[in-house]
Amino acid sequence: MIIRIKINGFKSLIDTELYFGPFTCIAGANAIGKSNFFDALSFLSKLSDNTTLFAAKTVRSESQKHANIKDIFFRNGEEYLDKMSFEVDMIVPSEAEDDLGQVAKATITSLRYTLILKLNDELSEKEPIEIVKEELSPITLGDTKKMLHFDPSKEWVASVLAGRRSTSIPFISTDGEIIKLHSDTNMKKRGGRTTEFIAQKMPRTLLSTVTAESPTAFLARQEMRNWMMLQFEPSALRQPNSIYEVKNAEITANGHNLPATLYRLQSDKKDIDIYQRLTNKLKELVEDVNEITVDKDEKRDLLTLQLGFKNGLLLPAQSLSDGTLRFLGLAVIEQDSMSSGLICLEEPENGINPKKVHEMVELLKGMATDTEYEVGDDNPLRQVIINTHSPIVVSTVPDESLYLAKSKECIIESFSKKVKRTGFSALKNTWKTNNGLVEETTLGEITSYLDKSYDTSNGHEEVMLSNSKEKRKFTVAENIQQLKLEF
């Protein structure tokens, strides 16, 4: 789970520092730079498992015609910055298995990962993208608690923060041109060892090579490699699975393994009717749905997702709409305790009836960890970040979850002039602005962002400010409506 991230020099992101809770919505107009933030997360995730050059080539190019590694660096006209940096404060699971089944247990679960990369000249004998600095350091439990500005319960905090380690003893450090991997044990005790590498010769990050033998560093690597950029493809969601794919099946970023994952969930939770749970959830989107099942073809050993309707019609996944499949894929992830970590989704409104966008947003909010309760099988440590340019989506999210992205100007000394970058702001009187973590935006600015034809009384969200007996946080739409009433 990302608590804070600082990005400088990646695409349109200059001196970008963002803080996160369990659920976040980044809103802004098209081509304003929202996707660049997701590209930065995807790049970091790819770096945890691949060479630096490969990770750079996977990032979407601005031209969309070909992958140019220079395009991941901040650009102004024909000029590029030659350095980029990342700093990620995160909470990692206390234990996990590596690729060979070895169990890694973290010395401490709150960590800071720092990475500085340099773009070298094409004629240089060095790596095209050179690693200048890489560090992985512990964050004390006390400091981590101060950074959890979204006000989680003591039970939740106690369930995710564990271990102790002096901040003077890193797991990965950089000394000049040498990057060092330190032992998880106290270096002052016998058995502690340090392995050194020459930064200029490293084609990949040191973090991308660690195993369970360096348990805390491995858990940081595992956290980052599990960051999922959901890009559901209807063809993948519609595909059946072999019965032999059920064990440990999980829905992939493009939507593969939907029937196998659902079949596994029902097999694992025999005391819970997962099919009925999902049916009830899907009814919020498709009222005529009567049941969700997975058909098992014994002759071909195939599993196929099916939906039954009140009129007796039974349809396989191949006949379902794209929006229905996307909603169902997310609902299955919500029920799967194996699916934890960060989930990113662009434009969740795609393929959804505008009248049902509220249901989609509620599903996404429900996927994120509930910070009122301790983390466990029924409440995995899952974080959700979405981006959108839809005024309907913006109007349904809680105001404390919202970042507004828009173009801003700054001066870069190496360019000797003002340049445009992507800036972020949040609403006044939210935990982000009350703690001085980000610039303030106003309801007036949000109102101007929203489609003027959008009516908050259209059924997406009822405004019950004075009559509500339940204490809850208002959505952006409710605050805007209240502002209009006050005037």
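Note that residues are indexed from 1 along each chain, following the sequence as it is written. The predicted nature of this model means local features are confined to residues of pLDDT at least 70 and side-chain atom pairs, given and counted, to a pLDDT of 80 or more, with totals for whole chains, interfaces and linings taken over all residues. Here the side-chain values reflect all heavy atoms present in the structure, with hydrogen atoms and water set aside.

Novice: How do you make sense of helix α5 (residues 215–225) when you look at a structure like this?
Specialist: Burial classes: relative accessible area under 20% of the type maximum marks a residue as buried, over 50% as exposed, and values in between as partly exposed (1.4 Å probe, protein chains only). Each helix corresponds to a stretch of at least 4 residues labelled H or I by DSSP, and each strand to a stretch of at least 2 residues labelled E; elements are numbered beginning at the N terminus. With respect to burial, α5 is a largely interior element, 11 of its 11 residues being buried. Along its buried surface, α5 packs onto α1 (34–47), β6 (83–91), β7 (95–97), β8 (103–105), β9 (110–119) and β10 (129–138). Whether two residues touch is decided by their heavy atoms; if any such pair falls within 4.5 Å, the residues are in contact.

Novice: Can you help me understand the sheet that holds strand β21 (residues 402–412) in this one?
Specialist: Strand pairing in a sheet relies on backbone hydrogen bonds, with the paired strands running either antiparallel or parallel. Within the open sheet, the 7 strands sit side by side as β14-β19-β20-β3-β21-β22-β23. Their pairing is mixed. The sheet is open, and its two borders are formed by β14 (228–230) and β23 (439–441), each paired with just one other strand. Between one strand axis and the next, the sheet turns by 35° as a mean value, whatever way the strands run. Here, a strand pair is defined by DSSP locating no fewer than two bridges between the strands. Both strand β3 (residues 23–27) and strand β20 (residues 382–388) contribute to a ladder of 5 bridges, which runs parallel. Across the sheet, the residue bridging to F23 is V384, located in β20. Sheet contacts for helix α9 (residues 322–335): β14, β19 (341–346) and β20; angle to β19, the most-contacted strand, approximately 170°. Set on the sheet, helix α10 (residues 357–367) makes contact with β3, β19 and β20; between it and β20 the angle comes to about 150°. Comment: axis = line fitted to C-alpha atoms, over the contacting stretch for helices; angle = value between 0 and 180 degrees taken between N-to-C directions.

Novice: So what exactly am I meant to see when it comes to the packing of helix α8 (residues 274–283) against α9 here?
Specialist: Two quantities define a packed helix pair, namely the angle between the helix axes and the distance between the axes. It is at 10 Å that the axes of α8 and α9 come closest, and there the two elements cross at 135°. Judged on the interaxial angle alone, α9 and α8 are oblique. Judged by the sense of rotation from one axis to the other, the crossing of α8 with α9 is right-handed. From α8, I274, R277, L278, K281 and L282 reach across to α9, where they touch T324, F327, L328, A331, V332, E334 and Q335. Side-chain classes follow a simple rule in which Ala, Val, Leu, Ile, Met, Phe, Trp, Tyr, Cys and Pro form the nonpolar group, Asp, Glu, Lys and Arg form the charged group, and the remainder, Gly included, forms the polar group. Looking at the contact of α8 with α9 residue by residue, the class counts come to 7 nonpolar, 2 polar and 3 charged. Any angle between 65 and 115 degrees counts as roughly perpendicular, while under 35 counts as roughly parallel, over 145 as roughly antiparallel, and the rest as oblique. Put simply, a crossing is left-handed when the front helix is turned counterclockwise from the back one by less than a right angle, and right-handed when it is turned clockwise.

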